[in-house]
Amino acid sequence: MNDTAFWIWLLRTLGPAAAIADIVNYFGSPRALYEAGSTQWRLSGLLTAKQIAALAKFSPSESGGVMKTCAENGWQIITPDDLTYPQKLLELRNYPPVLFVWGDTQVLLQDVKIAMVGTRRSSNYGLRVANLLAGALAQSGAVVVSGGALGVDSEAHRGALRTHGKTIAVLGCGLGTPYLLENAPLRREIVRQGGAVISEFLPFCAASRTTFPLRNRIISALSLGTVVVEAGERSGSLITARYALEQGRDVFAVPGDIISSAFTGANKLIHDGAKPVFTPMDILEEYAYIYPDELRLENAQKTLGEMLREAGVPKAEPVSVKKPQPRKPRATTKAPKPPTPSEPPTPSEPPASSEAPHASQSTLPAGASDAAKKVFTVLRETPAQIDEISEAAALPVQACLAALTELELYGCAALTQGKKYRKV
């Protein structure tokens, strides 16, 4: 029986995020821990009665099923004994005894990894900032780390892929769990482009409220710094920022609208000492002198405002107080009546039409899925809501979202303001 089986046994018995560092150091290895037996476990004073009962409940020989499942699915198992295990994780008292990896394990060893997190229910502004900022970081040589969730996480991964960079998705469930099916094409693309999808959870462990906070410590620990893009006062991304501070990592935040509650968390981080981010350079300059050969800083000079304008994102209207104007004399003639609903709209607001203004020039790759092909045929340049697209394509909403994600990766669809999609 190889040592991997004993690490899996340790994960299975004590569970994810258990404080195993002192235990492993005391006994020397999981194998030595197992061979020591229950008497030595009690005498060590490091294990509770509940943990001792759990250690005795399973045998390392039962790890074979997990190893077989991973081999059949092309998932790699790495432990602290392996050279590809990220050394930064070993700084944690509750480091993962096992990492299940789908993709290239070498990306875990790259020095400059930057975490990017934010709310799942992000504004269009937050989504675009995440995509553009992650793209610039990846183009500059950094690996973008995020959680594979909807919202800011997904756009951070997409931004890195858009510039042909590397990205790592840390899941809050097992690799074999059918969680967030609409992001399945994104995870496949991460792997295809040389990134990795990783998890500390056994292959079929389901996602829950407790698993996501646990995985957040890995996102921050893997990275030199964590960037919070958009976060409300109770956003889960603030847990990642807190972990980063506890782990001695840097914390950055993108400033947001001080009136909007969607940015309360990020703005408070800046108030409490997080470095505000206006350009990718604000992040990378912290590490350029340590890793000069890994970073290409010429790609990090533009401000976020410049990138947003180049991407065609409209500038937000400033909040201002208008000066009072002199009151004009009341007109003696009767003002014209406003147009009734039966009257045609003004030229600045053309009537809605079910037809696209003109045919799109984008083409769909031959390898696209059947669902993506269906959605592509009904997608128009006029933005539409997901339920409208789902109905037109005769697909369930989840399948439609997965197809739209695939089309986004192909550059054939785009998410617009109001969570609408259009053909590009």
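Residues numbered from 1 in each chain as written. Predicted model: local features only at pLDDT ≥ 70, side-chain atom pairs only at ≥ 80, totals over all residues. Heavy atoms only, no water.

### A word on the environment of V254
Thought 1: Among the secondary structure elements, V254 is positioned in the loop between β8 (250–253) and α11 (264–271).
Thought 2: Counting along the chain gives 15 residues from V254 to L269, while the straight-line C-alpha distance between them is 9.5 Å.
Thought 3: Apart from residues lying up to four places away in sequence, V254 is in contact with Y125, V129, L133, V227, V228, V229, A266, I270, V277 and L304. (Helix = DSSP H or I, 4+ residues; strand = E, 2+ residues; numbered from the N terminus. Contact = heavy atoms within 4.5 Å.)

### A few points about the state of the cysteines
Thought 1: Under the definition given, this model contains zero disulfides.
Thought 2: No disulfide involves C205; its nearest neighbouring cysteine sulfur is the one of C173, lying 7.6 Å away. (Disulfide = S-S within 2.5 Å.)

### Considerations on helix α5 (residues 64–73)
Thought 1: Residues of α5 that are buried include every one of V66, T69 and C70, and no others. End-on, the buried residues of α5 take up no more than an arc of 95°, which puts them together on one face. In this structure, α5 carries K68, A71 and E72 as exposed residues pointing more than 90 degrees from its buried face.
Thought 2: On the buried face of α5, the contacting elements are α1 (3–14), β1 (76–78) and β2 (99–103). (Buried < 20%, exposed > 50% of the residue type's maximum accessible area, 1.4 Å probe, protein only. Arc of directions from axis to C-beta.)

### Observations concerning the pattern of salt bridges
Here the idea is simple: oppositely charged side chains can pair when their charged atoms come close.
Thought 1: Counted according to the given criterion, the structure contains eleven salt bridges.
Thought 2: With its nearest N and O atoms 2.6 Å apart, the salt bridge here joins E285 to K275. Of the two residues, E285 sits in the loop between α12 (281–284) and α13 (304–310) while K275 sits in strand β9 (residues 275–276), which places them ten residues apart along the sequence.
Thought 3: For K275, a relative accessible area of 21% corresponds to the partly exposed category.
Thought 4: Bridged by salt links that share partners, the residues K275, E285 and E286 form one connected network. (Salt bridge = Lys/Arg side-chain N within 4 Å of Asp/Glu carboxyl O.)

### Topic: the sheet that holds β1
Thought 1: Within the open sheet, the nine strands sit side by side as β1-β2-β6-β5-β4-β3-β7-β8-β9. Their pairing is mixed. Edge strands, defined here as strands with exactly one partner in the open sheet, are β1 and β9.
Thought 2: Direction of pairing for strand β5 (residues 167–170) relative to strand β6 (residues 196–199): parallel, over a ladder of three bridges. The residue of β6 that forms the bridge with V170 is I198.
Thought 3: Along the sheet, helix α9 (residues 211–222) makes contact with β3 (113–117), β4 (143–146), β5, β6 and β7 (225–228), crossing β5 at roughly 155°. (Pairing = 2+ DSSP bridges. Axes fitted to C-alpha atoms, helices over the stretch in contact; angles between N-to-C directions.)

### Topic: the packing of helix α14 (residues 370–378) against helix α15 (residues 386–393)
Thought 1: The contact between α14 and α15 brings their axes to 9 Å, and the two run at 105°. One way to sum up the angle between α14 and α15 is to call them roughly perpendicular. Of the residues in α15, those in contact with K374, V375 and V378 of α14 are I389, A392 and A393. (Parallel < 35°, antiparallel > 145°, perpendicular 65-115°, else oblique.)

### Quick notes on the packing of helix α3 (residues 30–44) against helix α4 (residues 49–57)
Thought 1: One way to put it is that α3 packs onto α4 with a least axis distance of 10 Å and a crossing angle of 165°. Classified by the interaxial angle, the pair formed by α3 and α4 is roughly antiparallel. Here α3 and α4 pass one another in a crossing that is right-handed. Two secondary-structure elements touch here, α3 through S38, W41 and R42 and α4 through I52, L55 and A56.
Thought 2: Partitioned by chemical class, the residues of the contact of α3 with α4 number four nonpolar, one polar and one charged. (Left-handed = near helix turned anticlockwise from the far one by under 90°. Nonpolar A, V, L, I, M, F, W, Y, C, P; charged D, E, K, R; others polar.)

### Brief notes about the side chain of T79
Thought 1: Here T79 shows up in the loop between β1 and β2.
Thought 2: Since its relative accessible area comes to 1%, T79 is described here as buried.
Thought 3: If we skip the residues at most four places from it in the chain, T79 touches T4, W7, Y85, P97 and V98.

### Concerning unusual backbone geometry
Thought 1: With phi around 70°, A17 is a residue other than glycine that occupies positive phi space.
Thought 2: Mapped onto the elements of the fold, A17 is located in the loop between α1 and α2 (21–27).
Thought 3: Even without being a glycine, L180 presents a positive backbone phi close to 50°.
Thought 4: Within the fold, L180 resides in the loop between β5 and α8 (184–192).

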